[in-house]
Amino acid sequence: MNRGTFVLATFSFAGLVSGLLAPWIGIPEWQSRLWGGAALAVLVALAIDIVATLRRGDVGLDIVAALSMSTALLFGETLAAAVVSVMYAGGQLLEDFAESRARSEMKALLGRAPKLALRYLDGHLAEVPIDKLLPGDRLLVRQGDVVPVDGTVTSGTALLDQGVITGESVPVRRTEGDAVLSGTTSLDMAFDMVVSRPAAESTYSSIVRLVQSAQEAKAPMVRIADRFAIWFLLLTVVMAGGSWFISGDHLRGLAVLVVATPCPLILAVPVAIISGISKAAKRGVLLKGGPVLETLARATTLVIDKTGTLTRGRATLIDIELTGSITADEVLRLAASLDQASNHAIALSIVEAAYDHGLKLAKPRDAREHGGSGITGRVGRHAVVVGGTDYVRKTLKRKRMARPDVEPGTVTVAVAVNHKLAGFLILADALRDDAAAALTRLRQAGIGRVVLASGDQKAVVEKIGMALGIDELRSELTPQDKIDIVIGERKSGTVLMAGDGVNDAPALAAADVGIAMGARGSPASSEAADAVLLVDKLERIAEAVEIARRTRHIALQSVYAGLGLSITAMMAAAFGYLPVVQGALLQEVIDVAVILNALRALR
């Protein structure tokens, strides 16, 4: 909570109460001075804020609050001025509290960042700063500890709460060889892990940096209510002046100014927007400021990349075609066992597929890799060759070798065992499991048009597009082509762009709102984007759009309700039905009601 706001609210409240008590303690002559002093202190602080706002070129509704306090002091209505000052300072304090409540998810995220880790060194455990950890270091993670860096379980079983990172409510179990993410919490017995990435490159550190960047966003949060500031200010002056002129009673004019003090508009709108940003962060989507949320709420078109966004971004095994008597599991086991000696991306995918099939791999011997084309070696008593079809054909010294009939976008890996072709492993960059559901949910959230923009070949893009029912398919694109598509789509609506690669960064920057797949995407795309997906779940984009639309609806609801109630009260004051002090108290009730409504965006 802002200390200055707290001091100002306390001072104004103390001045009001002291003035009320002054006659009872024998100093009635101090009553007006105490009320006036309290109001003057708040007025000076408010004037400083207004000057700063005007220098930025903005006209805020704070001017109405300053006008009502200064007019009350001018007419000697110090009680009214004190009540308005308490109302305004208390409203600012209430805003701080509401913002603190709304930002709680981000604060919790930052507060969980681990600083120390237990590292094994020469057979002993020592606490070391996490920035000193290097890939290959062995760590102990105890029950209740936050996993400090990304790594792999080496012994024991890890039961992890991944809710902060993925939003999942159910703990996950990780066994030996499984990857663990930094920022997750160990819920069960201690386990050992090996560091796979330095702290600065780990998942949780990346998320914390993005959160800090969002909190330090260059543009202040847009106040929707300020769009009404000029005409509302004019209406207030006309009604106050008109009621005073017609009735001849300056208190009526003052009463109009007091009840016109639009605290619910000044406070409730940013509270709603901060609540929406915090809610999105809890669900794994980091929005870099209020204007991003407002724009996302108006999005009508989605331009989306393919690789790593709609697809998994890596090759996965989809089929095994056999050419001999060896079973499919054995072909995969032998190929994966040998591929353990390779660092090639396809080899890593084959090894992962074998683990997914529950196969136990053997240690390879005499492995020799040839320029990324393939690898030869021995697995147990078998001579094994794994690689491209041409590489395996030449290794087997064949003039011709049958090849499987595969669809565009697939990768074929031939496997030979004991100098005979055993089969083919078919791999492809498969669609995400949640891709279709995510696009359906986006359309339900108000996205009327979806454009697939990919650098991949036409046949691959058409296959993906047909499977997902995408409106327009664009293939074989350069980064500049993607920018041109985004700019073209902006002519007919607000464009949301989603991508993950370095080549998507320019288009993400060009879109009205760019969302980067930050969990696995490149740092360049996360930097260029307006929002970052912190978890590898495409459906969270649709959830972010839903949150943004609901938040904007609540914010506008606060504006219209606040304006309606204030104008109604102004009319009652203008006709003499609402005295000054009672009007100020009524406005405070409106403040609380509208701010509580704004906090609904958290739910």
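Position of Lys306 relative to the elements: it lies in the loop between strand E11 (299–304) and strand E12 (316–322). A distance of 3.1 Å separates a polar atom in the side chain of Lys306 from a polar atom in the side chain of Asp456. In contact with Lys306, other than residues within four places in its own chain, are Thr311, Asp429, Leu452, Ala453, Ser454, Asp456, Val460 and Ile464.

This next bit is on the packing of helix H11 (residues 290–297) against helix H20 (residues 539–574). Between H11 and H20, whose axes approach to 8 Å, the crossing angle comes to 100 degrees. With respect to H20, the element H11 is oriented roughly perpendicular. Contacts from Leu293, Glu294, Leu296 and Ala297 in H11 reach Ala544, Val545, Ala548, Arg549, Thr551 and Arg552 in H20. Of the residues that constitute the contact of H11 with H20, the class distribution is six nonpolar, one polar and three charged.

Once that is clear, we can look at the sheet that holds strand E5 (residues 158–161). One open sheet holds the three strands; their spatial order is E6-E5-E8, and the pairing between them is antiparallel. Each edge of the sheet is formed by a strand with only one pairing partner; in this case those strands are strand E6 (172–174) and strand E8 (185–186). Two strands pair when backbone bridges link them, and E5 and E6 are joined in this way by three bridges, in the antiparallel orientation. Opposite Ala158, over in E6, you have Arg174 as the bridge partner.

Sheet architecture is open: six strands sit in the order E12-E17-E16-E15-E14-E13, paired in antiparallel fashion. Across the chains shown, the open sheet's two edge strands, defined by having one partner strand only, are E12 and strand E13 (364–370). Each neighbouring strand pair of the sheet contributes to a mean axis angle of 20 degrees, computed without reference to strand direction. Across five bridges, E13 lies against strand E14 (residues 374–379) in antiparallel orientation. By the bridge assignment for E14, Arg368 is matched with Thr376. Docked against the sheet, helix H12 (residues 328–339) engages E12, E13, E14, strand E15 (382–387), strand E16 (410–417) and strand E17 (420–428), running at close to 105 degrees with respect to E14. Taken strand by strand, helix H13 (residues 345–356) contacts E12, E16 and E17, and its axis lies near 95 degrees from that of E17.

Let us now look at the side chain of Ser85. Along the chain, the position of Ser85 falls in helix H4 (residues 78–102). Overall, Ser85 belongs to the buried group, its relative accessible area being 0%. The contact partners of Ser85, leaving out residues within four places of it in the chain, are Ser12, Ala38, Ala39, Val42, Met69 and Gly90.

Counting buried positions along E15 yields six of six residues, so the element is predominantly enclosed. With burial as the criterion, each face of E15 is covered, one bearing His382, Val384 and Val386 and the other bearing Ala383, Val385 and Gly387. Bridge count for E14 against E15 is six bridges, and the pairing is antiparallel. The residue bridging Gly374 from the neighbouring strand is Gly387, located in E15. In this antiparallel pair of consecutive strands, E14 and E15, the connection spans two residues, and Gly380 shows a positive phi of 65 degrees. Pairing of E15 with E16, which is carried by four bridges, proceeds in the antiparallel orientation. In the sheet register, Val386 faces E16, and the bridge partner there is Val415.

Taking 1.5 Å as the rise per residue, H20 with 36 residues should run 52 Å; its terminal C-alpha atoms sit 52 Å apart, in good agreement. Of the residues trailing H20, Gly576 is marked for its positive phi of about 85 degrees.

Further remarks concern the packing of aromatic side chains. Scanning the model with the defined rule gives one aromatic pair in all. Pairing Phe75 with Trp244 gives two aromatic rings, centres 5.3 Å apart and planes at 85 degrees, and the pair type is edge-to-face. Remark: Trp244 occurs in helix H8 (residues 229–247) and Phe75 occurs in the loop between helix H3 (62–74) and H4; sequence separation between them is 169 residues. The exposure class assigned to Trp244 is partly exposed, which follows from its relative accessible area of 39%. Sitting over the face of the ring of Tyr120, Arg138 holds its NZ or CZ atom 4.4 Å from the ring centroid.

Attention shifts here to the nonpolar core. Membership of the largest hydrophobic core comes to 92 residues, with the highest contact counts inside it found for Leu302, Leu310, Leu496 and Ile541. If you tally residues by element for this core, the top one is H20, at 14 residues. Leave out the neighbours within four places in its chain, and Ile541 touches Leu442, Leu496, Ala498, Ile515, Met517 and Leu533. The next biggest cluster of nonpolar side chains, apart from the first, holds 26 residues, and it includes Leu332, Ala335, Val413 and Ala422.

Here the focus is the pattern of salt bridges. Where charged atoms of side chains with opposite charge meet at close range, the side chains can pair. In total, this model carries 20 salt bridges according to the counting rule given. Close ionic contact of Arg119 with Asp137 constitutes a salt bridge, the shortest N to O distance being 3.5 Å. Within this pair, whereas Arg119 is found in strand E1 (residues 116–121), its partner Asp137 is found in the loop between strand E2 (124–129) and strand E3 (138–141), the two being separated by 18 residues in sequence. Exposure class is identical for Arg119 and Asp137. Each is buried. Through salt bridges with shared partners, a single network forms among Arg449, Glu472, Arg474 and Glu489.

Next up on the list: the environment of Ala268. Assignment of secondary structure puts Ala268 in helix H10 (residues 263–282). Classification of Ala268 by relative accessible area gives buried; the value is 0%. Between the alpha carbons of Ala268 and Gly562 there is a distance of 9.0 Å; along the sequence they are 294 residues apart.

Below, the discussion takes up the confidence of the model for the protein. The predicted model of the protein has a mean per-residue pLDDT of 82, with 86% of residues at 70 or higher. Under a pLDDT of 50 for its full length, residues 214–223 has, in the predicted model, 23 contacts with residues more than four places off or in other chains.

This part takes up helix H2 (residues 31–55). Taking 1.5 Å per residue, 25 residues should reach 36 Å; H2 reaches 37 Å between its end C-alpha atoms and fits that length. Restricting attention to buried positions, one finds in H2 the residues Trp35, Gly36, Ala38, Ala39, Val42, Leu43, Leu46, Ile50 and Thr53.

What follows covers unusual backbone geometry. The backbone phi angle of Lys397 is positive, close to 60 degrees, even though this residue is not glycine. Mapping Lys397 onto the fold places it in the loop between helix H14 (389–395) and E16. Its identity is not glycine, yet Glu476 carries a phi of approximately 55 degrees, on the positive side. Structurally, Glu476 can be placed in the loop between strand E19 (472–474) and helix H17 (479–490). On the basis of relative accessible area, Glu476 is assigned to the exposed category, the value being 54%.

Parameters at a glance
Residues numbered from 1 in each chain as written. Predicted model: local features only at pLDDT ≥ 70, side-chain atom pairs only at ≥ 80, totals over all residues. Heavy atoms only, no water. Helix = DSSP H or I, 4+ residues; strand = E, 2+ residues; numbered from the N terminus. Polar contact = N/O pair within 3.5 Å; in protein donor to acceptor, adjacent residues only side chain to side chain. Contact = heavy atoms within 4.5 Å. Axes fitted to C-alpha atoms, helices over the stretch in contact; angles between N-to-C directions. Parallel < 35°, antiparallel > 145°, perpendicular 65-115°, else oblique. Nonpolar A, V, L, I, M, F, W, Y, C, P; charged D, E, K, R; others polar. Pairing = 2+ DSSP bridges. Buried < 20%, exposed > 50% of the residue type's maximum accessible area, 1.4 Å probe, protein only. Expected span 1.5 Å × (residues − 1). Phe/Tyr/Trp six-rings, centres within 6.5 Å; stacked < 30°, edge-to-face > 60°. Lys NZ or Arg CZ within 6 Å of the ring centre and 35° of its normal. Core = buried A, V, L, I, M, F, W, Y, C linked by side-chain atoms within 4.5 Å. Salt bridge = Lys/Arg side-chain N within 4 Å of Asp/Glu carboxyl O. pLDDT = per-residue confidence, 0-100.

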